[in-house]
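Structural overview for review
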Number of protein chains: 2
Amino acid sequence: MDLKHIINLLQQNDDIIIFPHVNPDGDCLGSSIALAMALTNIGKKARVIVEENVPSAYEFLPGLECLEMYKEDKSNGQLAVAIDTGDRKRLGERARLFDRCKFTVNIDHHKTNTSFADYNFIDASKSSAGEIIFDILKSMNVKIDKSIAVCLYVAIATDTGGFRYSNTTADTHRTAAKLMEYGLNAGELSSRLFEVVSKSKVLLTAEVIKTLEIFSGGKIAFLEVNDKILESAGAVPGDCDGLVNIGRNIEGVEVAVLLKEIGNNEIKANMRSNKYADVASIASFFSGGGHARAAGCTIYSHMNKAKSMLLAKVREVVE
Amino acid sequence: MDLKHIINLLQQNDDIIIFPHVNPDGDCLGSSIALAMALTNIGKKARVIVEENVPSAYEFLPGLECLEMYKEDKSNGQLAVAIDTGDRKRLGERARLFDRCKFTVNIDHHKTNTSFADYNFIDASKSSAGEIIFDILKSMNVKIDKSIAVCLYVAIATDTGGFRYSNTTADTHRTAAKLMEYGLNAGELSSRLFEVVSKSKVLLTAEVIKTLEIFSGGKIAFLEVNDKILESAGAVPGDCDGLVNIGRNIEGVEVAVLLKEIGNNEIKANMRSNKYADVASIASFFSGGGHARAAGCTIYSHMNKAKSMLLAKVREVVE
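Definitions and cut-offs
- In every chain, residue numbers begin from 1 and rise along the written sequence.
- Throughout, the order in which chains and ligands are written sets their labels, letters from A for the former and numbers from 1 for the latter.
- Reporting in this predicted model follows two pLDDT cut-offs: at least 70 for local features of residues, and 80 or more for side-chain atom pairs to be given and counted; totals over whole chains, interfaces and linings ignore these cut-offs and use all residues.
- Where side-chain values are given, they derive from all heavy atoms of the structure, hydrogens and water being excluded.
- Labels follow the DSSP assignment, with helices taken as runs of H or I lasting at least four residues and strands as runs of E lasting at least two, numbered in each case from the N terminus.
- Both definitions apply: the radius of gyration is a C-alpha atom measure, and the globule rule equals 2.2 Å times residues to the power 0.38.
- Relative accessibility under 20% of the residue-type maximum defines a buried residue, over 50% an exposed one, and the middle range a partly exposed one, all with a 1.4 Å probe and only protein chains included.
- In this analysis, two residues are considered to be in contact whenever any of their non-hydrogen atoms come within 4.5 Å of each other.
- Surface accessibility follows the Shrake-Rupley procedure with a 1.4 Å probe radius. Residue values consider only the protein chains on display as shielding.
- His residues and chain termini do not enter the charge count, which takes Lys and Arg as positive and Asp and Glu as negative.
- Lys charges are placed at NZ, Arg charges at CZ, Asp charges at CG and Glu charges at CD.
- Stacked, tilted and edge-to-face are the three classes assigned to paired rings of Phe, Tyr and Trp, where Trp is represented by its six-membered ring and a pair needs centres within 6.5 Å; plane angles under 30 degrees give stacked, over 60 edge-to-face, the rest tilted.
- Start and end positions for the domains come from either an automated domain assignment or a database one.
- The atoms used to superpose the copies are C-alpha atoms, taken from residues with pLDDT of at least 70 in both, and the fit is least squares.
- For two strands to be treated as a pair, DSSP must find no fewer than two bridges joining them.
- The nonpolar core is taken to be a set of buried Ala, Val, Leu, Ile, Met, Phe, Trp, Tyr and Cys residues, with the residues joined through side-chain atoms within 4.5 Å.
- To get an axis, fit a line to the C-alpha atoms, keeping to the stretch in contact for a helix; angles then go from 0 to 180 degrees between the N-to-C directions.
- Two parts placed together each lose some accessible area; with a 1.4 Å probe, that loss summed over both constitutes the buried area.
- Salt bridges are identified by distance alone: a Lys or Arg side-chain nitrogen within 4 Å of an Asp or Glu carboxyl oxygen.
- Definition of a polar contact: a pair of N or O atoms within 3.5 Å, with one able to donate and the other able to accept a hydrogen when the atoms are protein atoms, and with sequence-neighbouring residues admitted only if both atoms are side-chain atoms.
- Convention used here: angles under 35 degrees read as roughly parallel, angles over 145 as roughly antiparallel, angles from 65 to 115 as roughly perpendicular, and any remaining angle as oblique.
- Whether a crossing is left-handed or right-handed is set by the direction in which the near helix is turned from the far one by less than a right angle, anticlockwise for left-handed and clockwise for right-handed.
- Residues are grouped as follows: Ala, Val, Leu, Ile, Met, Phe, Trp, Tyr, Cys and Pro are nonpolar; Asp, Glu, Lys and Arg are charged; every other residue, Gly included, is polar.
- In this scheme, a helix's expected span is set at 1.5 Å multiplied by one less than its residue total.

**Comments concerning the overall build of chain A**
- Within chain A one finds 12 helices and 12 strands.
- The C-alpha radius of gyration of chain A comes to 21 Å, within 12% of the 20 Å expected for a compact globule of 319 residues.
- Taken along the three principal axes of its C-alpha coordinates, chain A extends 60 × 40 × 35 Å.
- The buried share of chain A, reckoned over its 319 residues, is 56%.
- Considering only contacts within chain A whose residues lie at least 6 apart along the sequence, 63% involve residues at least 24 apart.
- Working note: accessible area of chain A is about 13600 Å², and carbon and sulfur atoms make up 47% of it.
- Charge-centre separation for chain A: the mean point of 37 positive side chains lies 1 Å from the mean point of 41 negative side chains.

Below is the structure:
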């Protein structure tokens, strides 16, 4: 589908509902809010409908007044726009509202997108939905202001890890350059997005590092977390996000594993590799899944047994 | 001084010696090597003369064959070019060789640059020397290849903390976009520059977090390190670089202090603030110095006494 068709739909409809995916991140929130603000600025009724609270990390975003909490009723809209949403399931409860709208549009950058809407624009060469929304606003010739620029910058910066992931392209930087011109402060935004952490996360980091074990001459790093560790740090399960990278970033490590003890007989393994090891193949051996460099699985066993089974498989791939 | 004059000098001279500053970082090394490679490619004799080994973090840079270790002799060159060097002292032992060259040039982005050369080009609006060298190569119309692009990308990424510091401008991103077009992989380069850490640094981080104390309702964070902690982590004093940011990045913290016990009666304090606290004023009270957001001092006392003296002063500034 040509971007022009999507733009026509946005131009021809006046009652537009925007859908970020469930478990919203900086890209879907920033992109959705930016689009809603730009459409509101040209006189349309544009709302972002969510079914969860905005994560505290994104509470600083301008334009949060565009957000509405989903209510189970029979309301509908003219045009539904799903943003950054790989498949219909990621619309959660709101899938019903999405389906009730007269036209449905799906704007995304995930190559696995299932094209679940009437009109689908998927560009997997883009780092983020934010880059696509920027192109749309530019093509529509609508005014971009500083608030919109902040939202799009946050969208792009989140999905590229602050221009550090391999999905960062020359175009990503070109878009960032244009957004910076609206008076953004890269230092302030980056500090909010990438630096500020809770005290409990810091304490959890220290506790998890204490469990570090290195195998295969430094190529394999194992870390552990359990309820006792979470409790001693005053942390919540969400604080475990990204902890596997402590192991992955150690010099010489190829595969890092974070083992989370869920109950007495259930261990969730989160795996990352750096250069060559296919952790998806390890995950799939244990009925899990993922990508070559990031995968996960659940092993129904106690910690020591799960660890030794997993280590044996990781060694096969690494050595 | 107009950039054109600098370019004329580079074009008119064939024996060019390039000088990064002492204690070289990614910006001065990347910029110097990029310039040397580009000048060599157009048939000039161009060398980068250093007096220290390249830090291991930058050993992956292409073009290291342009580097020559400084020898104390009577040799000279036609044109000496200091890069990223705020004052003559930062040329170290090589200042004598610099002075013996027929013409001297100074290319820098530090606003405090002392203009110590015959020809000085200082542009403090640039994030890095790398951005200036890119402009020079573009204006000279010399060919940029992937190796040169990698060096300039590393220069810019290092000095902007990966496009995250406040010195990052729209121009910085525009230059990064042009460099990315030479086939760079942002993921690989960023991982080398920003993610890989030694195992001992990871262990040290955990040990230092254990010393975390929070005061003034969360606005002040104190961390400690001493020889015993370094030893238990197998770490070296250099591994302490940046540890003060563990405190600074905690949600709600305004001032973070890292106290390093040097001997029984000597405590080095490394201070950072986030938004408003002038830590330079605290440092100067204890005969130290620095900037409003980053400063340091030495207190000749034992740990507990130094901590309580410093805490009293930090409270005055924060509360």
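**Regarding the packing of aromatic side chains**
- On inspection of all chains with the given rule, the structure shows 11 aromatic pairs over all chains.
- When the centroid spacing of 5.8 Å and the interplanar angle of 55° are considered together, the rings of Phe-98 of chain A and Phe-116 of chain A count as tilted. Of this pair, Phe-98 of chain A sits in helix α3 (residues 95–100) while Phe-116 of chain A sits in the loop between β5 (103–108) and β6 (119–122); the two residues are 18 residues apart in sequence, bridging distant segments of the chain.
- A relative accessible area of 1% means that Phe-98 of chain A is categorised as buried.
- Assessed through its relative accessible area of 18%, Phe-116 of chain A is described here as buried.
- Ring centres 6.2 Å apart and planes at 75° place the aromatic pair Phe-163 of chain A and Phe-163 of chain B in the edge-to-face group. Note that Phe-163 of chain A is positioned in the loop between α5 (146–159) and α6 (170–180) and Phe-163 of chain B in the loop between α5 (146–159) and α6 (170–180), a pairing that runs across two chains.

**Some details on the domain arrangement of chain A**
- We note that the domain assignment places domain 1 (3–195) and domain 2 (200–318) within chain A.
- Using only C-alpha atoms to locate each centre, domain 1 of chain A and domain 2 of chain A end up separated by 32 Å.

**Let's talk about the relation of the copies chain A and chain B**
- The two copies are related by a screw motion: chain A maps onto chain B through a turn of 180° and a shift of 0.0 Å along the axis, at an RMSD of 0.7 Å. Both copies of the chain, as the preceding transformation shows, are related through a two-fold rotation axis.
- A share of 100% of the interface residues of chain A reappears at the interface of chain B, consistent with the copies meeting face to face through the same patch.

**Description of the pairing of strand β9 (residues 255–263) of chain A**
All names here are of chain A.
- Relative to β9, strand β8 (residues 220–225) is paired through 6 bridges, and the arrangement is parallel. By the bridge assignment, Ala-221 is partnered in β9 with Ala-256.
- Both β9 and strand β10 (residues 266–273) contribute to a ladder of 8 bridges, which runs antiparallel. Within β10, the residue paired with Ala-256 across the bridge is Arg-272.
- The turn linking β9 back onto β10 is made up of 2 residues.

**Points about the nonpolar core**
- Counting 114 residues, the largest nonpolar core has Leu-10, Val-81 and Ile-136 of chain A together with Leu-10, Val-81 and Ile-136 of chain B as its most contacted members.
- Every residue in contact with Val-81 of chain B, bar those within four places of it in the chain, is listed here: Leu-10, Ile-16, Ile-17, Ile-18, Phe-19, Leu-35, Phe-98, Val-105 and Ile-107 of chain B.
- Counting residues in each nonpolar core, the second largest holds 42 residues, with Cys-240, Ile-250 and Ala-256 of chain A together with Val-244 of chain B among its members.

**As for helix α8 (residues 199–209) of chain B**
- Among the 11 residues that make up α8 of chain B, 8 are buried, leaving the element largely enclosed by the rest of the structure.
- Among all positions of α8 of chain B, only Ser-200, Lys-201, Val-202, Leu-204, Thr-205, Ala-206, Val-208 and Ile-209 of chain B are buried.
- Each element contacted by the buried residues of α8 of chain B is listed here: α8 (199–209) and α10 (244–248) of chain A together with β8 (220–225), α9 (227–233), α10 (244–248) and β9 (255–263) of chain B.

**Let's talk about the sheet that holds strand β3 (residues 67–69) of chain A**
Residues and elements named next belong to chain A.
- Ordered in space as β3-β2-β1-β4-β5-β6, the 6 strands form an open sheet in which the pairing is parallel. Every other strand in the sheet has two partners, leaving β3 and β6 as the edge strands with one partner each. Neighbour to neighbour, the strand axes of the sheet diverge by 25° on average, direction disregarded.
- Examined bridge by bridge, strand β1 (residues 15–20) and strand β4 (residues 79–83) share 5 bridges and lie parallel to one another.

**Digging into the interface of chain A and chain B**
- In this complex, chain A contributes 40 residues to the contact, which on the side of chain B involves 40 residues.
- Approximately 3400 Å² of surface area, both sides summed, lies buried where chain A meets chain B, with 61% of it carried by carbon and sulfur atoms.
- Three residues stand out in chain A for area buried against chain B, namely Arg-164, His-173 and Glu-195 of chain A, and they jointly supply 21% of the buried area on that side.
- Seen at the junction of chain A and chain B, the total is 4 salt bridges.
- Linking Glu-181 of chain A and Arg-174 of chain B is a salt bridge whose minimum nitrogen-to-oxygen distance equals 2.9 Å.
- Run the count over chain A and chain B and you get 13 residue pairs in polar contact (both at pLDDT 80 or more).

**Let's talk about the pattern of salt bridges**
- On inspection of all chains with the given rule, the structure shows 34 salt bridges over all chains.
- Glu-319 of chain A is the salt-bridge partner of Arg-315 of chain A, the closest N and O atoms lying 3.7 Å from each other.
- A salt bridge links Arg-47 of chain B to Glu-68 of chain B; the shortest N-O distance between them is 3.4 Å. Of this pair, Arg-47 of chain B sits in strand β2 (residues 45–50) while Glu-68 of chain B sits in strand β3 (residues 67–69), and the two are 21 residues apart along the sequence.
- Residue classification places Glu-68 of chain B among the partly exposed positions, given a relative accessible area of 32%.
- Each of Lys-126, Asp-135, Asp-171 and Arg-174 of chain A together with Glu-181 of chain B takes part in a single network of salt bridges with overlapping partners.

**Quick look at the sheet that holds β2 of chain B**
All names here are of chain B.
- Read across the sheet, 6 strands follow the order β3-β2-β1-β4-β5-β6 without closing on themselves; strand pairing throughout is parallel. Where the open sheet ends on each side, the last strands, each with one partner, are β3 and β6 (119–122). Within the sheet, the average angular offset between the axes of one strand and its neighbour, ignoring direction, is 25°.
- In terms of strand pairing, β2 meets β3 through 3 bridges, oriented parallel. From the neighbouring strand, Val-48 faces β3, where its bridge partner is Leu-67.
- Sheet strands in contact with helix α2 (residues 26–41) are β1 (15–20), β2, β3 and β4 (79–83), and its direction is about 170° off that of β1.

**Topic: the packing of α2 of chain B against helix α4 (residues 129–140) of chain B**
Residue and element names in this part refer to chain B.
- It is at 8 Å that the axes of α2 and α4 come closest, and there the two elements cross at 15°. Classified by the angle their axes make, α2 and α4 are roughly parallel. Every pair of crossing elements has a handedness; the one defined by α2 and α4 is left-handed. Two secondary-structure elements touch here, α2 through Asp-27, Ser-31, Ala-34, Leu-35, Ala-38 and Leu-39 and α4 through Ala-129, Gly-130, Ile-133, Leu-137 and Met-140.
- Taken together, the residues that form the contact of α2 with α4 break down as 8 nonpolar, 2 polar and 1 charged.

**Some remarks on α5 of chain A**
All names here are of chain A.
- In this model, α5 (14 residues) spans 20 Å end to end at C-alpha, consistent with the 20 Å of a helix rising 1.5 Å per residue.
- Those residues of α5 that sit buried are Ile-148, Ala-149, Val-150, Cys-151, Leu-152, Tyr-153, Val-154, Ala-155, Ile-156, Ala-157, Thr-158 and Asp-159.
- Elements in contact with the buried residues of α5: α2 (26–41), α4 (129–140), α6 and α7 (186–195).
- Two to three positions downstream of the cap, the backbone nitrogen of Ser-147 sits 3.2 Å from a side-chain oxygen, assigning the N-cap of α5 to Asp-145.

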